[in-house]
Structures are given as C-alpha cells and as structure tokens.
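# Descriptive analysis of the structure
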Amino acid sequence: MRPAQALHCIQHAQRGTALVMTLVFLVLLTMLGITAINTSTLEERMAGNTKDQNLSFQAAETALRAAETWVESTTAATSLAANNAYGLYDPSTTGTEVWDSVIWAGANVVTYPGVPGTPASGTLGDVNIRPKYIIEKLTTEALLPSGTRIIVRITARGTGASDNTVSMVQSTYSKTYP
C-alpha cells in the first residue's frame, strides 16, 4: 500500500468520535458547574439566616439584661406594681401565657432601652425593630422579721435584620426589699 492510500484509509475510518466525547465531557462539566453554583447559593442563604437568627437572639438578650438591671435598680416593691400595662403584668389567669397574648407591636410593652412607664430613645444597630420586654410579677413573699421578696418573670423579644426572624428569651428574677 502506498502512503497516499494509507492516509486515505485512516481519514475514511474516522467518524467524529473525538467530537462526541468532547461534547459529552462539556455537558458533564456544565452540570457540575451548575450544581456548584446552586450549592454555593444555598450555603450563602443558610449563612445569612444563621447571622440573622443570632442577631435576633442577641437583641432579645440585650433587652432581657436591661430589664433585669431595671428590676435590680428599683428601691421599693411598689415599683413592680403590675397594672397589665407599660410592660408590668400579673400572671395570666386565662390559660394563655402573658407573652403569647401581649401585642408586641403595641404600647403595653417596654421598648429597649426604655424602662416601664418611660418611652425609649436611642437605637440598637443592625436590627429592624428594637427589642421589647415585659415583666410579670409572679409572687410576693413576706420575709421575717421584715422585708419583702418579689419574684418576676422577664420575657424579651428581639428581631433580626428581618422582621421574620424572632427570638424570645425569659428569665426568672428575685428581688428582696427591706
């Protein structure tokens, strides 16, 4: 066989196999790239949601600590006289907890950094709505030979950068008055 005939036979035997394999390989790489983009987008959303949840928790915790500080600073048991307004409440008698029945967007809660009965001023960065709290007067105990101990439950509610992210925290606090 002459060299020209051999070249002609080789060219005639090729049927585009390399082209088909390259196209299959490109399709596989495209699918891999799309999957990687979808995964990255999902992970980015999860990280943002985690940050927002942490922000709402920190806001609620800030309001809770402010309420505890206010209770500790009171000098008379009458300061905690519950009137079911301005953030001071008696325990629920209806079976629905106070924090479930209170209107958190209303005026009968305390907005951080305010105290019961006083409007708040100032801001808390990165949150959409300032955190709020309520104080429930649970019990009053007479102490011998004198004094009074009041036990309160503080419920604080905070939101993150989105109003859809809400955290609530509670503490039970005891204060003794002479």
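Residues numbered from 1 in each chain as written. Predicted model: local features only at pLDDT ≥ 70, side-chain atom pairs only at ≥ 80, totals over all residues. Heavy atoms only, no water.

### Here we look at the overall build of the protein chain
This is how the line gets drawn: Runs of E in the DSSP output that reach at least two residues are strands. Runs of H or I that reach at least four are helices, and both are numbered from the N terminus. Three labels apply to residues, based on accessible area from a 1.4 Å probe with only protein chains included: buried if under 20% of the type maximum, exposed if over 50%, partly exposed otherwise in between. For this analysis, residues touch if any pair of their heavy atoms sits within 4.5 Å. Areas reported here follow the Shrake-Rupley algorithm with a probe of radius 1.4 Å; residue values treat only the protein chains shown as occluding.
The helix and strand inventory of the protein chain stands at 3 helices and 5 strands. Per-residue burial for the protein chain yields a buried fraction of 28% across its 178 residues. Residue pairs at least 24 apart in sequence account for 55% of intrachain contacts in the protein chain once pairs closer than 6 positions are excluded. Taken as a whole, the protein chain presents about 11500 Å² of accessible surface, with 59% of it coming from carbon and sulfur.

### Comments concerning the environment of Thr-22
For clarity, the cut-off: Here a polar contact is recorded for every N or O atom pair within 3.5 Å, except that within protein the pair must consist of a potential hydrogen donor and a potential acceptor, and residues adjacent in sequence are included only if both atoms are side-chain atoms.
For Thr-22, the position within the fold is in helix α2 (residues 17–73). We classify Thr-22 as partly exposed; its relative accessible area is 43%. At 2.7 Å, the side chain of Thr-22 and the backbone oxygen of Ala-18 are in polar contact.

### Some points on the nonpolar core
When a protein is soluble and globular, its nonpolar side chains tend to lie buried together. The test is simple: Buried Ala, Val, Leu, Ile, Met, Phe, Trp, Tyr and Cys residues that are joined via side-chain atoms within 4.5 Å together make up what is termed a nonpolar core.
Ranked by size, the top nonpolar core spans 19 residues in total, and within it Val-71, Leu-80, Tyr-133, Ile-135, Val-152 and Ile-154 carry the most contacts. Put simply, the parts of the chain that give this core at least two residues each are α2, β3 (132–142), β4 (148–159) and β5 (166–177). If you look at the next biggest cluster of nonpolar residues, it comprises 7 residues, including Tyr-89, Val-98, Val-102 and Ile-134.

### Digging into unusual backbone geometry
The omega angle of the peptide bond from Leu-144 to Pro-145 is 0°, so this bond is cis rather than trans. Assignment of secondary structure puts Pro-145 in the loop between β3 and β4.

### Examining the pattern of salt bridges
What counts is decided by this rule: Salt bridge, as applied in this entry: a Lys or Arg side-chain nitrogen positioned within 4 Å of an Asp or Glu carboxyl oxygen.
Within the structure shown, the criterion is met by 6 salt bridges. Across the pair Glu-68 and Arg-65 runs a salt bridge whose closest N-O atoms are separated by 2.8 Å. Of the two residues, Glu-68 and Arg-65 are both situated in helix α2; the distance of 3 residues between them amounts to about one turn of the helix. Classification of Glu-68 by relative accessible area gives buried; the value is 13%. Residue Arg-65 is classed as partly exposed on the basis of its relative accessible area, which comes to 41%. The residue Arg-153 makes a salt bridge to Glu-97 at a minimum N-O spacing of 3.8 Å. Here Arg-153 is found in strand β4, whereas its partner Glu-97 is found in the loop between β1 (88–89) and α3 (98–101), with 56 residues between them in sequence. The exposure class of Arg-153 is buried, given its relative accessible area of 19%. Among the residues examined, Glu-97 registers a relative accessible area of 32% and is labelled partly exposed. One salt-bridge network, in which partners are shared between bridges, spans Glu-61, Arg-65 and Glu-68.

### Overview of the pairing of β4
In plain terms, the rule: Pairing between two strands requires that DSSP report at least two bridges joining them.
Pairing of β3 with β4, which is carried by 10 bridges, proceeds in the antiparallel orientation. In the strand pairing of β4, Ile-134 is matched with Thr-155. Remark: 5 residues form the turn of the hairpin made by β3 and β4, two consecutive strands paired antiparallel; Gly-147 in that turn has positive phi of roughly 115°. Bridge count between β4 and β5: 12 bridges; the pairing is antiparallel. The residue of β5 that forms the bridge with Thr-148 is Tyr-177. Between β4 and the antiparallel strand that follows it, β5, lie 6 residues.

Keep in mind these values describe shape, not function.
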